[in-house]
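# Observations on chain architecture
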Amino acid sequence: MDLSPEYLQSRLTEKFGDAVTAVDTPYGMFTFEVPKEINLKVLQFLYDDPELQFRFLTDLCAVHYPEKKGRELALVYHLHNMRKNVRIRMKIYTDINQPDVYTATALFSSANWQERETYDFYGINFVGHPNLKRILNVEEMDYFPLRKEYPLEDQTRIDKDDEMFGRG
Amino acid sequence: MGRLNPMTMARPVQFNVKNEGGKKVDISQFPGGYQGEGFFAGKMSELVGWGRSNSLWPLPFATSCCGIEFMATMASHYDLARFGSERVGFSPRQCDLLMVMGTIAKKMGPVLKQVYLQMAEPRWVIAVGACASSGGIFDTYSVLQGIDQIIPVDVYVPGCPPRPEAIIDGVMKVQDLVGQESLRRRNSEQYKALMESYGIE
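Residues numbered from 1 in each chain as written. Chains lettered and ligands numbered in written order. Predicted model: local features only at pLDDT ≥ 70, side-chain atom pairs only at ≥ 80, totals over all residues. Heavy atoms only, no water.

### With respect to the interface of chain B and chain A
In this assembly, 11 residues from chain B lie in contact with 17 residues from chain A. Interface area, chain B with chain A, both sides summed: about 1100 Å², of which 48% is carbon and sulfur. Joining chain B to chain A, the criterion identifies one salt bridge. Ionic pairing is found between Asp154(A) and Lys106(B), a salt bridge with its closest N-O pair at 2.4 Å. (Contact = heavy atoms within 4.5 Å. Buried area = accessible area lost by both parts, 1.4 Å probe. Salt bridge = Lys/Arg side-chain N within 4 Å of Asp/Glu carboxyl O.)

### Some remarks on the sheet that holds strand E4 (residues 97–101) of chain B
Strand pairing in a sheet relies on backbone hydrogen bonds. The paired strands run either parallel or antiparallel. All names here are of chain B. Ordered by their spatial adjacency, four strands build an open sheet running E3-E4-E5-E6, and the pairing between neighbours is parallel. Looking along the sheet, the strands with just one partner apiece sit at the ends: strand E3 (58–62) and strand E6 (155–157). Strand after strand, the sheet turns through a mean of 20° between neighbouring axes, direction not considered. Of the strand pairs in this sheet, strand E5 (residues 124–128) and E6 are connected by three bridges, and their pairing is parallel. (Pairing = 2+ DSSP bridges. Helix = DSSP H or I, 4+ residues; strand = E, 2+ residues; numbered from the N terminus. Axes fitted to C-alpha atoms, helices over the stretch in contact; angles between N-to-C directions.)

### Thoughts on the side chain of Thr140(B)
Along the chain, Thr140(B) falls in the loop between helix H4 (129–134) and E6. Looking at Thr140(B), the relative accessible area reads 13%, which means it is buried. Those residues in contact with Thr140(B) that sit more than four places away from it in its chain are Leu152(A), Glu153(A), Asp154(A) and Gln145(B). (Buried < 20%, exposed > 50% of the residue type's maximum accessible area, 1.4 Å probe, protein only.)

### Some points on the pattern of salt bridges
Residues and elements named next belong to chain B. Applying the stated rule across the entire model yields 11 salt bridges over all chains. We note a salt bridge from Arg163 to Glu165, for which the minimum N-O separation is 3.1 Å. The class of Arg163 is partly exposed, set by a relative accessible area of 48%. Glu165 sits in the partly exposed class, given a relative accessible area of 41%. Among the ionic contacts, a cluster of salt bridges with common partners joins Glu121, Arg123, Glu181, Arg185 and Arg186.

### Side note on the layout of surface pockets
Think of a ball as big as a water molecule: rolled over the atoms, this probe shows where empty space is left. Residues and elements named next belong to chain B. Quantified by volume, the largest pocket comes out at close to 810 Å³. Taken together, 22 residues line the largest pocket, and the ones lying closest to its centre are Asp26, Ile27, Arg82, Phe83 and Met172. Looking at the lining of the largest pocket, the elements that each hand over two or more residues are helix H1 (44–53) and helix H5 (164–180). Ranked by residues supplied to the lining of the largest pocket, first place goes to H5 with five residues. In terms of residue class, the lining of the largest pocket is made up of seven nonpolar, 10 polar and five charged. (1 Å grid on protein atoms, 1.4 Å probe; cavity = no way out; pocket = protein on both sides within 12 Å on 5 of 7 lines; lining within 4 Å. Points joined across faces, edges and corners; volume = space filled by probe spheres on them. Nonpolar A, V, L, I, M, F, W, Y, C, P; charged D, E, K, R; others polar.)

### Topic: the packing of aromatic side chains
Tallying each qualifying case throughout the model produces nine aromatic pairs over all chains. Judged by centre distance (5.7 Å) and plane angle (65°), the ring pair of Tyr47(A) and Phe108(A) falls under edge-to-face. Of this pair, Tyr47(A) sits in helix H2 (residues 39–48) while Phe108(A) sits in the loop between strand E6 (100–102) and helix H3 (111–122); the two residues are 61 residues apart in sequence, bridging distant segments of the chain. Judged by relative accessible area, which is 24%, Tyr47(A) ranks as partly exposed. Assessed through its relative accessible area of 5%, Phe108(A) is described here as buried. Taken together, a centroid distance of 6.4 Å and an interplanar angle of 35° make the contact between Tyr65(A) and Tyr93(A) tilted. You can see Tyr65(A) sitting in the loop between strand E3 (56–64) and strand E4 (73–81) and its partner Tyr93(A) sitting in strand E5 (residues 86–94), a full 28 residues away along the chain. What makes Tyr65(A) partly exposed here is its relative accessible area of 23%. The buried category is assigned to Tyr93(A), whose relative accessible area is 12%. Members of the aromatic cluster, each reached through a chain of ring pairs, are Phe30(B), Phe40(B) and Trp50(B). Between the NZ or CZ atom of Arg186(B) and the centre of the ring of Trp124(B), over which it lies, the distance is 5.0 Å. (Phe/Tyr/Trp six-rings, centres within 6.5 Å; stacked < 30°, edge-to-face > 60°. Lys NZ or Arg CZ within 6 Å of the ring centre and 35° of its normal.)

Right, here's the structure in full:
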(Lines give C-alpha, C1' and ligand atoms only; values in the text may rest on other atoms or scores of the structure.)
Protein backbone atom coordinates (compact mmCIF):
# COMPACT_ATOMS: atom_id res chain seq x y z
CA MET A 1 0.00 0.00 0.00
CA ASP A 2 1.30 3.40 -0.95
CA LEU A 3 1.48 5.70 2.07
CA SER A 4 0.00 8.71 0.33
CA PRO A 5 -1.24 11.68 2.40
CA GLU A 6 -4.81 10.79 1.46
CA TYR A 7 -4.40 7.22 2.64
CA LEU A 8 -2.75 8.29 5.89
CA GLN A 9 -5.51 10.78 6.56
CA SER A 10 -8.22 8.21 5.88
CA ARG A 11 -6.61 5.68 8.22
CA LEU A 12 -6.21 8.23 11.01
CA THR A 13 -9.75 9.60 10.78
CA GLU A 14 -11.08 6.06 10.55
CA LYS A 15 -9.37 5.27 13.85
CA PHE A 16 -9.53 8.56 15.75
CA GLY A 17 -12.35 10.46 14.06
CA ASP A 18 -12.53 14.18 14.66
CA ALA A 19 -9.55 14.13 16.99
CA VAL A 20 -7.28 14.42 13.96
CA THR A 21 -7.21 18.06 12.88
CA ALA A 22 -5.11 20.57 10.95
CA VAL A 23 -4.19 18.06 8.29
CA ASP A 24 -1.82 19.53 5.77
CA THR A 25 1.06 18.55 3.52
CA PRO A 26 3.59 21.38 3.74
CA TYR A 27 6.53 20.77 1.41
CA GLY A 28 5.19 17.30 0.71
CA MET A 29 5.31 16.10 4.31
CA PHE A 30 2.08 14.81 5.78
CA THR A 31 1.28 16.72 8.97
CA PHE A 32 -1.56 16.54 11.43
CA GLU A 33 -2.55 17.56 14.92
CA VAL A 34 -4.12 15.56 17.72
CA PRO A 35 -5.11 16.45 21.29
CA LYS A 36 -2.23 15.98 23.68
CA GLU A 37 -4.18 13.47 25.77
CA ILE A 38 -4.11 10.84 23.04
CA ASN A 39 -0.58 11.37 21.76
CA LEU A 40 0.54 7.92 22.90
CA LYS A 41 -2.49 6.18 21.42
CA VAL A 42 -1.82 7.73 18.03
CA LEU A 43 1.88 6.95 18.19
CA GLN A 44 1.11 3.37 19.20
CA PHE A 45 -1.36 3.00 16.34
CA LEU A 46 1.13 4.39 13.83
CA TYR A 47 3.75 2.02 15.25
CA ASP A 48 1.70 -1.17 15.39
CA ASP A 49 -0.42 -0.99 12.27
CA PRO A 50 1.00 -3.45 9.70
CA GLU A 51 0.42 -1.01 6.88
CA LEU A 52 1.75 2.10 8.59
CA GLN A 53 4.74 0.90 10.62
CA PHE A 54 6.11 4.27 11.71
CA ARG A 55 8.71 2.79 14.01
CA PHE A 56 11.44 5.38 14.08
CA LEU A 57 11.16 8.63 15.99
CA THR A 58 13.49 10.84 13.99
CA ASP A 59 12.98 14.04 15.87
CA LEU A 60 11.08 15.50 18.75
CA CYS A 61 11.06 19.21 19.38
CA ALA A 62 8.93 22.03 20.71
CA VAL A 63 7.90 25.48 19.48
CA HIS A 64 6.74 28.39 21.58
CA TYR A 65 3.86 30.49 20.27
CA PRO A 66 3.26 33.17 22.91
CA GLU A 67 0.25 34.59 21.05
CA LYS A 68 -1.72 31.33 21.03
CA LYS A 69 -3.40 31.54 24.43
CA GLY A 70 -4.03 28.19 26.04
CA ARG A 71 -1.92 26.34 23.48
CA GLU A 72 1.38 28.15 23.66
CA LEU A 73 3.70 25.17 23.40
CA ALA A 74 3.67 22.94 20.35
CA LEU A 75 5.32 19.56 20.45
CA VAL A 76 6.34 18.13 17.09
CA TYR A 77 7.04 14.44 16.50
CA HIS A 78 8.79 13.42 13.30
CA LEU A 79 8.13 9.77 12.46
CA HIS A 80 9.75 7.64 9.83
CA ASN A 81 8.64 4.46 8.13
CA MET A 82 11.99 2.88 7.32
CA ARG A 83 10.60 0.27 4.92
CA LYS A 84 8.82 2.66 2.64
CA ASN A 85 10.94 5.67 3.46
CA VAL A 86 8.01 7.88 4.33
CA ARG A 87 8.17 10.62 6.91
CA ILE A 88 5.26 12.24 8.70
CA ARG A 89 4.86 14.92 11.33
CA MET A 90 2.54 14.88 14.31
CA LYS A 91 1.83 17.96 16.40
CA ILE A 92 0.27 18.39 19.81
CA TYR A 93 -0.32 21.63 21.69
CA THR A 94 -0.28 22.27 25.39
CA ASP A 95 -0.99 25.10 27.80
CA ILE A 96 2.22 26.70 29.01
CA ASN A 97 0.85 26.88 32.55
CA GLN A 98 0.38 23.14 32.68
CA PRO A 99 2.83 21.64 30.19
CA ASP A 100 2.21 18.00 31.04
CA VAL A 101 2.55 15.54 28.18
CA TYR A 102 2.78 11.76 28.29
CA THR A 103 6.25 10.45 27.57
CA ALA A 104 6.95 8.37 24.48
CA THR A 105 9.92 6.62 26.05
CA ALA A 106 8.08 3.33 26.41
CA LEU A 107 7.52 3.25 22.66
CA PHE A 108 10.74 4.82 21.37
CA SER A 109 14.03 4.59 23.24
CA SER A 110 15.25 7.56 21.22
CA ALA A 111 12.60 9.68 22.92
CA ASN A 112 14.55 9.58 26.17
CA TRP A 113 17.21 12.15 25.35
CA GLN A 114 15.01 14.08 22.94
CA GLU A 115 12.40 14.61 25.63
CA ARG A 116 15.10 15.63 28.06
CA GLU A 117 16.31 18.20 25.56
CA THR A 118 12.77 19.48 25.00
CA TYR A 119 12.29 19.73 28.74
CA ASP A 120 15.63 21.49 29.06
CA PHE A 121 14.76 24.24 26.60
CA TYR A 122 10.97 24.56 26.83
CA GLY A 123 10.06 23.09 30.20
CA ILE A 124 7.62 20.52 28.90
CA ASN A 125 6.94 18.06 31.67
CA PHE A 126 6.97 14.54 30.22
CA VAL A 127 4.82 12.51 32.56
CA GLY A 128 6.36 9.10 33.18
CA HIS A 129 9.83 9.89 31.83
CA PRO A 130 12.43 7.79 33.69
CA ASN A 131 15.04 10.52 34.04
CA LEU A 132 13.64 13.93 33.27
CA LYS A 133 16.48 16.36 33.98
CA ARG A 134 18.50 18.86 31.99
CA ILE A 135 20.75 17.38 29.32
CA LEU A 136 22.50 20.23 27.49
CA ASN A 137 22.39 23.24 29.77
CA VAL A 138 24.06 23.63 33.13
CA GLU A 139 22.08 22.05 35.91
CA GLU A 140 21.93 25.28 37.90
CA MET A 141 19.92 26.98 35.18
CA ASP A 142 16.60 28.08 36.62
CA TYR A 143 14.61 28.87 33.49
CA PHE A 144 13.85 27.45 30.06
CA PRO A 145 15.95 29.48 27.65
CA LEU A 146 14.08 28.98 24.38
CA ARG A 147 10.81 30.28 25.71
CA LYS A 148 10.30 33.60 24.04
CA GLU A 149 9.93 35.70 27.17
CA TYR A 150 13.62 35.19 27.92
CA PRO A 151 16.32 37.13 26.08
CA LEU A 152 18.90 35.22 24.10
CA GLU A 153 21.84 37.13 25.49
CA ASP A 154 23.78 36.35 28.61
CA GLN A 155 22.47 38.73 31.25
CA THR A 156 25.61 38.83 33.37
CA ARG A 157 27.40 41.21 31.03
CA ILE A 158 27.41 44.91 31.71
CA ASP A 159 29.77 46.10 28.98
CA LYS A 160 27.43 45.54 26.04
CA ASP A 161 24.59 47.99 26.52
CA ASP A 162 23.96 48.69 22.87
CA GLU A 163 20.42 47.92 21.82
CA MET A 164 21.96 45.84 19.05
CA PHE A 165 22.87 43.38 21.78
CA GLY A 166 19.35 43.18 23.16
CA ARG A 167 20.02 45.23 26.28
CA GLY A 168 18.86 48.65 25.20
CA MET B 1 64.90 14.66 -8.91
CA GLY B 2 67.32 17.49 -8.88
CA ARG B 3 67.56 20.03 -6.17
CA LEU B 4 64.58 22.35 -5.91
CA ASN B 5 65.28 25.72 -7.38
CA PRO B 6 64.03 28.38 -4.94
CA MET B 7 63.61 30.89 -7.76
CA THR B 8 61.00 28.80 -9.53
CA MET B 9 58.90 28.03 -6.49
CA ALA B 10 55.84 30.07 -5.63
CA ARG B 11 57.12 30.72 -2.16
CA PRO B 12 60.87 30.37 -1.84
CA VAL B 13 61.87 28.15 0.99
CA GLN B 14 65.00 29.18 2.77
CA PHE B 15 67.26 26.81 4.57
CA ASN B 16 68.91 28.34 7.55
CA VAL B 17 71.25 25.51 8.37
CA LYS B 18 74.41 27.30 7.31
CA ASN B 19 72.88 30.75 7.81
CA GLU B 20 73.92 31.86 4.34
CA GLY B 21 73.69 35.58 4.00
CA GLY B 22 74.34 36.03 7.68
CA LYS B 23 70.77 36.59 8.83
CA LYS B 24 70.53 37.62 12.40
CA VAL B 25 69.40 34.79 14.65
CA ASP B 26 68.12 35.80 18.06
CA ILE B 27 68.87 33.51 20.89
CA SER B 28 67.80 33.94 24.45
CA GLN B 29 70.03 36.27 26.42
CA PHE B 30 71.75 34.84 29.45
CA PRO B 31 70.92 37.07 32.42
CA GLY B 32 73.79 39.17 33.54
CA GLY B 33 75.92 38.69 36.61
CA TYR B 34 79.48 38.61 37.77
CA GLN B 35 81.55 35.77 36.58
CA GLY B 36 85.14 34.82 36.52
CA GLU B 37 87.33 31.79 36.63
CA GLY B 38 85.17 29.10 38.20
CA PHE B 39 82.39 31.23 39.61
CA PHE B 40 79.23 33.02 38.68
CA ALA B 41 77.21 35.36 40.86
CA GLY B 42 73.81 36.57 39.69
CA LYS B 43 70.24 36.93 40.82
CA MET B 44 68.51 33.66 41.45
CA SER B 45 65.16 35.02 40.30
CA GLU B 46 66.65 36.05 36.96
CA LEU B 47 68.23 32.66 36.41
CA VAL B 48 65.05 30.82 37.34
CA GLY B 49 62.95 33.15 35.23
CA TRP B 50 65.30 32.69 32.31
CA GLY B 51 64.99 28.95 32.61
CA ARG B 52 61.26 28.93 33.05
CA SER B 53 60.45 31.36 30.29
CA ASN B 54 62.42 29.37 27.76
CA SER B 55 61.01 26.00 28.64
CA LEU B 56 57.30 26.63 29.00
CA TRP B 57 55.22 23.51 28.65
CA PRO B 58 51.90 24.47 27.12
CA LEU B 59 48.69 22.64 27.87
CA PRO B 60 46.40 23.19 24.89
CA PHE B 61 42.73 23.40 25.83
CA ALA B 62 41.40 23.69 22.31
CA THR B 63 37.68 23.64 21.64
CA SER B 64 37.25 25.27 18.26
CA CYS B 65 38.86 27.15 15.37
CA CYS B 66 41.49 28.83 17.53
CA GLY B 67 42.73 25.32 18.23
CA ILE B 68 43.25 24.83 14.50
CA GLU B 69 45.36 27.97 14.43
CA PHE B 70 47.29 26.59 17.36
CA MET B 71 48.03 23.43 15.38
CA ALA B 72 49.54 25.62 12.70
CA THR B 73 51.44 27.47 15.41
CA MET B 74 52.97 24.25 16.67
CA ALA B 75 53.73 22.89 13.20
CA SER B 76 56.92 23.43 11.30
CA HIS B 77 56.06 26.66 9.52
CA TYR B 78 55.49 28.80 12.64
CA ASP B 79 57.12 26.36 15.04
CA LEU B 80 56.41 27.42 18.58
CA ALA B 81 59.28 25.10 19.57
CA ARG B 82 61.64 27.91 18.65
CA PHE B 83 60.51 29.63 21.83
CA GLY B 84 61.20 26.68 24.07
CA SER B 85 57.63 25.42 24.00
CA GLU B 86 58.51 22.27 22.18
CA ARG B 87 56.85 19.99 24.61
CA VAL B 88 53.07 20.20 24.54
CA GLY B 89 51.77 18.31 27.51
CA PHE B 90 48.36 16.77 27.80
CA SER B 91 48.52 16.30 31.52
CA PRO B 92 47.84 19.45 33.52
CA ARG B 93 50.18 18.26 36.23
CA GLN B 94 53.19 18.57 33.94
CA CYS B 95 52.38 21.90 32.35
CA ASP B 96 53.10 25.53 33.14
CA LEU B 97 51.01 27.34 30.57
CA LEU B 98 47.30 26.76 30.04
CA MET B 99 46.31 27.86 26.56
CA VAL B 100 42.54 28.15 26.28
CA MET B 101 41.61 28.31 22.63
CA GLY B 102 37.99 28.43 21.65
CA THR B 103 34.46 28.86 22.91
CA ILE B 104 33.92 27.67 26.46
CA ALA B 105 30.32 26.76 27.13
CA LYS B 106 29.06 27.37 30.63
CA LYS B 107 28.73 23.66 31.06
CA MET B 108 32.43 23.27 30.34
CA GLY B 109 33.41 25.94 32.85
CA PRO B 110 33.84 23.56 35.81
CA VAL B 111 35.96 21.25 33.63
CA LEU B 112 38.26 24.09 32.66
CA LYS B 113 38.53 25.19 36.25
CA GLN B 114 39.44 21.69 37.34
CA VAL B 115 42.14 21.50 34.70
CA TYR B 116 43.52 24.78 36.02
CA LEU B 117 43.42 23.52 39.59
CA GLN B 118 45.31 20.39 38.61
CA MET B 119 48.23 22.43 37.34
CA ALA B 120 51.04 23.04 39.78
CA GLU B 121 52.25 26.52 40.67
CA PRO B 122 53.67 28.50 39.06
CA ARG B 123 51.13 28.44 36.27
CA TRP B 124 50.11 30.88 33.60
CA VAL B 125 47.06 31.21 31.39
CA ILE B 126 46.57 32.56 27.88
CA ALA B 127 43.08 33.22 26.55
CA VAL B 128 43.45 32.80 22.79
CA GLY B 129 40.81 34.40 20.61
CA ALA B 130 37.66 36.39 21.13
CA CYS B 131 35.59 33.56 22.60
CA ALA B 132 38.00 32.60 25.34
CA SER B 133 38.63 36.26 26.11
CA SER B 134 35.08 37.59 26.14
CA GLY B 135 32.60 35.09 24.73
CA GLY B 136 33.15 36.59 21.30
CA ILE B 137 30.17 36.54 19.01
CA PHE B 138 28.45 34.03 21.28
CA ASP B 139 26.64 36.53 23.46
CA THR B 140 24.20 33.89 24.56
CA TYR B 141 22.87 32.16 27.63
CA SER B 142 24.90 29.00 27.13
CA VAL B 143 28.38 30.43 26.61
CA LEU B 144 30.81 31.63 29.24
CA GLN B 145 31.48 35.33 28.60
CA GLY B 146 35.23 35.03 28.93
CA ILE B 147 37.24 32.47 30.87
CA ASP B 148 38.35 35.16 33.32
CA GLN B 149 34.99 34.66 34.96
CA ILE B 150 36.29 31.39 36.40
CA ILE B 151 40.11 31.45 36.27
CA PRO B 152 42.69 34.25 36.26
CA VAL B 153 44.17 35.06 32.87
CA ASP B 154 47.65 36.46 32.21
CA VAL B 155 47.53 37.27 28.51
CA TYR B 156 44.64 37.79 26.10
CA VAL B 157 45.21 37.21 22.39
CA PRO B 158 42.65 39.04 20.23
CA GLY B 159 41.37 37.71 16.94
CA CYS B 160 38.64 35.51 15.58
CA PRO B 161 40.61 33.37 15.19
CA PRO B 162 44.02 34.97 15.74
CA ARG B 163 46.73 34.18 13.26
CA PRO B 164 49.63 32.03 14.45
CA GLU B 165 51.79 35.16 14.65
CA ALA B 166 49.36 36.56 17.20
CA ILE B 167 49.46 33.37 19.25
CA ILE B 168 53.26 33.46 19.17
CA ASP B 169 53.10 37.08 20.27
CA GLY B 170 50.90 36.05 23.18
CA VAL B 171 53.33 33.31 24.18
CA MET B 172 56.19 35.79 24.03
CA LYS B 173 54.23 38.15 26.28
CA VAL B 174 53.87 35.28 28.74
CA GLN B 175 57.60 34.65 28.43
CA ASP B 176 58.20 38.25 29.45
CA LEU B 177 55.93 37.82 32.46
CA VAL B 178 57.57 34.55 33.43
CA GLY B 179 61.09 35.90 33.01
CA GLN B 180 60.43 38.92 35.20
CA GLU B 181 58.31 37.28 37.83
CA SER B 182 59.50 37.59 41.38
CA LEU B 183 60.11 34.28 43.07
CA ARG B 184 57.92 35.44 45.92
CA ARG B 185 54.97 36.52 43.80
CA ARG B 186 52.97 33.38 44.42
CA ASN B 187 53.23 33.94 48.17
CA SER B 188 52.19 37.56 48.00
CA GLU B 189 49.03 38.89 49.59
CA GLN B 190 47.96 40.27 46.25
CA TYR B 191 48.24 36.89 44.57
CA LYS B 192 46.39 35.17 47.39
CA ALA B 193 43.63 37.75 47.16
CA LEU B 194 43.41 37.12 43.40
CA MET B 195 43.06 33.41 43.98
CA GLU B 196 40.48 33.94 46.67
CA SER B 197 38.46 36.16 44.36
CA TYR B 198 38.12 33.09 42.14
CA GLY B 199 37.37 30.82 45.08
CA ILE B 200 40.65 28.96 44.67
CA GLU B 201 42.59 27.98 47.77
